[in-house]
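Chain residues, written in single-letter form:
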Amino acid sequence: AARKQRAFARRKAFSLFVKAKEVPAAARCPAGGEGVRWRCCRQAFEELSGIHRHVALQHAGDIGLLAGPTDAAQQAGLAAERAPAEVSPSSGPAPAGRADGHHGHSPSSPEISCTLPDTSHVSYDDLTSKVGEVLLYYCYCEVKDPEKLCAWQKALCQHLHLTGKVRVASEGINGTVGGSKVATNLYIEVMLSQPLFKDILCQEDFKSSAGGAHCFPDLRVGVFKEIVPMGIDPKIVSYKETGIHLSPQEFHREVEQYLSQANQGQSDTILLDCRNFYESKIGHFQGCLAPDIRKFSYFPSYIDENLELFKDKRVLMYCTGGIRCERGSAYLRSKAVCREVYQLKGGIHKYLEEFPDGFYRGKLFVFDDRYAICSNEDIISACRYCGTLWDQYKLCSSQHCQQLVLTCPSCRNKGLTACCHVCQEKELKVTSRASGQTLKEECECTRRRPRVPIEHVSQKTLGAGK
């Protein structure tokens, strides 16, 4: 009996997976046959046998995850009767906690919906339109089965033709995806209806900006230990111990007061940028302290090495979308040196929606092929070579390097396209190793930058908001 149930579950998951790949009738060939009926992995299929063969060969692992244990398969079967396109699922409990509703804890785990949205009423052209947007979101909650949540997310994004990056862990989910406006709206709708995120995730938690599927090279969905890589076990420093969340309006008032007091040399506040140096380099809040770190995983060490700086201070923290502040503020609070720790809810992204010409100047760095989005006309950074104002990043032209470089059109025309002179020379030599492995991060930029900088900042300088 158990074997029959497992076989039924796999057949059901297989059938639903194939159905999710159907091309809407309106997008098929209007005459002369059915035309393309299924799309998967950027391939088109006209015959049922073709899509079946493809799914059997390329997605056996996904089908196994989606089928899940027998009871999950039964749930999927029942749900399939209610929804036209459903795949099996994911599981995990809901949270609770602090005043903003993002950090709670529920004693029982909700049922996990496996639903994929019905796209039969949407044309293929509308679903895959290049004119769209990029979404940025996260949700901290307890997830009992990250693998299943990951499988559902992968199926959901493929079904909606979304690209981007989604990180899943036992502590929640963190994603940035791009696609057509129709696709992203459907994505938000399904995410908000997912019982796992009920009463935690809401419409305003999704930050959007102009873009589309072309902003990412592909789709990457995976299971990790942390949904934002700080390098500290979530069980040791939990998202449930964050700082106090401030709305964009509240944060704006705090920054205004801080700058006013700083100008008089009376401030007891530190405005702390939790991002990496290359992010704050092209845009930041006026009067902020921006650590010269390359990765967020260096942030805990930065706090440890500069603990005296934060003693008895009120700290206002901010980052791109808010997620780094969740763990970063929890880590800072765990040191018990600050008087108060606050963080910008929704990050710079939400702040700029309400205050495009506020105290944040320059561009907002984003982790996709756009590199930055703009809300004001200020340029606060300069070309690496000639010093002219410039804030449009390009990757270092040297194949062994992964650094971002600011080099203006004039300097690029002169061949100055690397991040430093060492890389420029290596590019000319076309350096490579016999093993075929490329060299990485061996340049002037990384050698001269300490892994964890120690701030030599006087109280007078901090008081002046510099």
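One can find the structure itself at the top, above this paragraph.
Values in this document were obtained by computation on a predicted structure and should not be read as measured data.

Peer 1: Pulling in residues and values, what's your account of the overall build of the chain?
Peer 2: Counting its regular elements, the chain contains 16 helices and 19 strands. For the chain, with 466 residues in total, the buried portion stands at 52%. Considering only intrachain contacts with a sequence separation of at least 6, the fraction spanning at least 24 residues in the chain is 70%. Total accessible area computed for the chain in this model is approximately 21,500 Å², and 50% of it derives from carbon and sulfur atoms.

Peer 1: Got a sec to walk through the packing of helix H1 (residues 2-20) against helix H3 (residues 60-67)? Specific residues and values, please.
Peer 2: Two elements in contact, H1 and H3, have axes separated by 9 Å at closest approach and are oriented at 120°. Of the two possible hands of crossing, H1 and H3 adopt the one that is right-handed. Two secondary-structure elements touch here, H1 through Ala 9, Arg 10, Ala 13, Phe 14 and Phe 17 and H3 through Ala 60, Asp 62, Ile 63, Gly 64, Leu 66 and Ala 67.

Peer 1: So what's going on with the environment of Ser 297? Which residues, and what values?
Peer 2: Positionally, Ser 297 belongs in the loop between strand S12 (283-285) and helix H10 (299-305). A relative accessible area of 27% places Ser 297 in the partly exposed class. For the pair Ser 297 and Val 228, spaced 69 residues apart in sequence, the C-alpha to C-alpha distance is 9.0 Å. Beyond its immediate sequence surroundings of up to four residues, Ser 297 is in contact with Pro 229 and Met 230.

Peer 1: Give a detailed account of the sheet that holds strand S8 (residues 207-211), specifying residues and quantitative values.
Peer 2: The strand order across the open sheet formed by five strands is S8-S5-S7-S6-S9, and the pairing between neighbours is mixed. On the outer flanks of this sheet lie S8 and strand S9 (219-223), each paired with one strand and no other. Here the average twist between neighbouring strands, direction ignored, is 10°. Both strand S5 (residues 132-140) and strand S7 (residues 172-180) contribute to a ladder of nine bridges, which runs antiparallel. By the bridge assignment, Leu 136 is partnered in S7 with Thr 176. The strands touched by helix H11 (residues 323-334) within the sheet are S5 and S7, with S5 carrying the most contacts at an inclination of about 25°. Along the sheet face, helix H12 (residues 347-354) touches S5 and S8 and points at about 80° away from the line of S8.

Peer 1: Hey, could you go over H12 for me, with residue numbers and the actual values?
Peer 2: The element H12 is extensively covered by neighbouring structure, given that six of its eight residues are classed as buried. By the burial criterion, the buried members of H12 are Gly 347, Ile 348, His 349, Lys 350, Tyr 351 and Leu 352.

Peer 1: I'd love a proper account of the pattern of salt bridges, names of residues and values included.
Peer 2: Counted by the stated rule, this structure contains 19 salt bridges. The closest approach of N and O atoms between Arg 327 and Glu 226, which form a salt bridge, is 3.0 Å. Taken together, the residues span a long stretch of sequence, with Arg 327 in helix H11 and Glu 226 in the loop between S9 and strand S10 (244-246) at a distance of 101 residues. Residue Arg 327 shares its accessibility class with Glu 226, and that shared class is buried. For Arg 361, the salt bridge is made with Asp 357, and the minimal N-O distance between the two is 3.0 Å. On the accessibility criterion, Arg 361 (15% relative accessible area) is buried. The class of Asp 357 is exposed, set by a relative accessible area of 59%. Counted as one network, the salt bridges with shared partners bring together Glu 171, Glu 226 and Arg 327.

Peer 1: Could you give an account of the pairing of strand S14 (residues 340-344), with specific residues and numbers?
Peer 2: The buried fraction of S14 is high, at four of five residues. Where S10 meets S14, three bridges bridge the pair, whose relative direction is parallel. Bridged to Leu 246 within S14 is Leu 344. Where strand S13 (residues 314-318) lies against S14, four bridges are found, and the strand directions are parallel. Its bridge partner being in S14, Met 317 is matched across the sheet by Gln 343.

Peer 1: Requested: an account of the pairing of S13, with residues and values cited.
Peer 2: For S13, a buried count of five out of five residues is recorded, marking the element as mostly surrounded by other parts of the structure. Going residue by residue along S13, you find Arg 314, Leu 316 and Tyr 318 tucked away on one face and Val 315 and Met 317 tucked away on the opposite face as well.

Peer 1: An account of the environment of Leu 309 is requested, with residue identities and associated values reported.
Peer 2: Along the chain, Leu 309 turns up in the loop between H10 and S13. Accessibility expressed as a relative area gives 8% for Leu 309, which makes it buried.

Peer 1: Got a sec to walk through the sheet that holds strand S11 (residues 269-273)? Specific residues and values, please.
Peer 2: Strand order in the open sheet made by the four strands is S10-S14-S13-S11, with parallel pairing throughout. Looking along the sheet, the strands with just one partner apiece sit at the ends: S10 and S11. Ignoring strand direction, the axes of neighbouring strands in this sheet form an average angle of 25°. Each of S10, S11, S13 and S14 is contacted by helix H8 (residues 248-263), which is oriented at about 130° to S13, the strand it contacts most.

Peer 1: Please provide a residue-by-residue account of the nonpolar core, values included.
Peer 2: Ranked by size, the top nonpolar core spans 33 residues in total, and within it Leu 272, Phe 299, Phe 310, Met 317 and Leu 332 carry the most contacts. Counting residues per element, the ones that place at least two in this core are S5, S11, H10, S13 and H11. Considering every element that reaches this core, the biggest residue donor is H11, with five residues. A domain-level breakdown of this core finds at least three residues from each of domain 2 (124-223) and domain 3 (244-374). Membership of the second largest hydrophobic core comes to 32 residues, among which are Leu 116, Leu 127, Val 177 and Val 190.

Peer 1: Help me get a handle on the packing of H3 against helix H6 (residues 146-159), residues and values and all.
Peer 2: The interhelical angle for the contact between H3 and H6, taken along N-to-C directions, is 120°, at an axis separation of 9 Å. Accordingly, the angle class assigned to the pair H3 and H6 is oblique. The handedness of the crossing between H3 and H6 comes out as left-handed. Residues Asp 62, Leu 65 and Leu 66 of H3 pack against Glu 147, Lys 148, Ala 151, Trp 152 and Lys 154 of H6.

Cut-offs and rules
- Residues numbered from 1 in each chain as written.
- Predicted model: local features only at pLDDT ≥ 70, side-chain atom pairs only at ≥ 80, totals over all residues.
- Heavy atoms only, no water.
- Helix = DSSP H or I, 4+ residues; strand = E, 2+ residues; numbered from the N terminus.
- Buried < 20%, exposed > 50% of the residue type's maximum accessible area, 1.4 Å probe, protein only.
- Contact = heavy atoms within 4.5 Å.
- Areas by Shrake-Rupley, 256 points an atom, 1.4 Å probe, with all protein chains shown as cover.
- Axes fitted to C-alpha atoms, helices over the stretch in contact; angles between N-to-C directions.
- Left-handed = near helix turned anticlockwise from the far one by under 90°.
- Pairing = 2+ DSSP bridges.
- Salt bridge = Lys/Arg side-chain N within 4 Å of Asp/Glu carboxyl O.
- Core = buried A, V, L, I, M, F, W, Y, C linked by side-chain atoms within 4.5 Å.
- Domains from an automatic or database assignment.
- Parallel < 35°, antiparallel > 145°, perpendicular 65-115°, else oblique.

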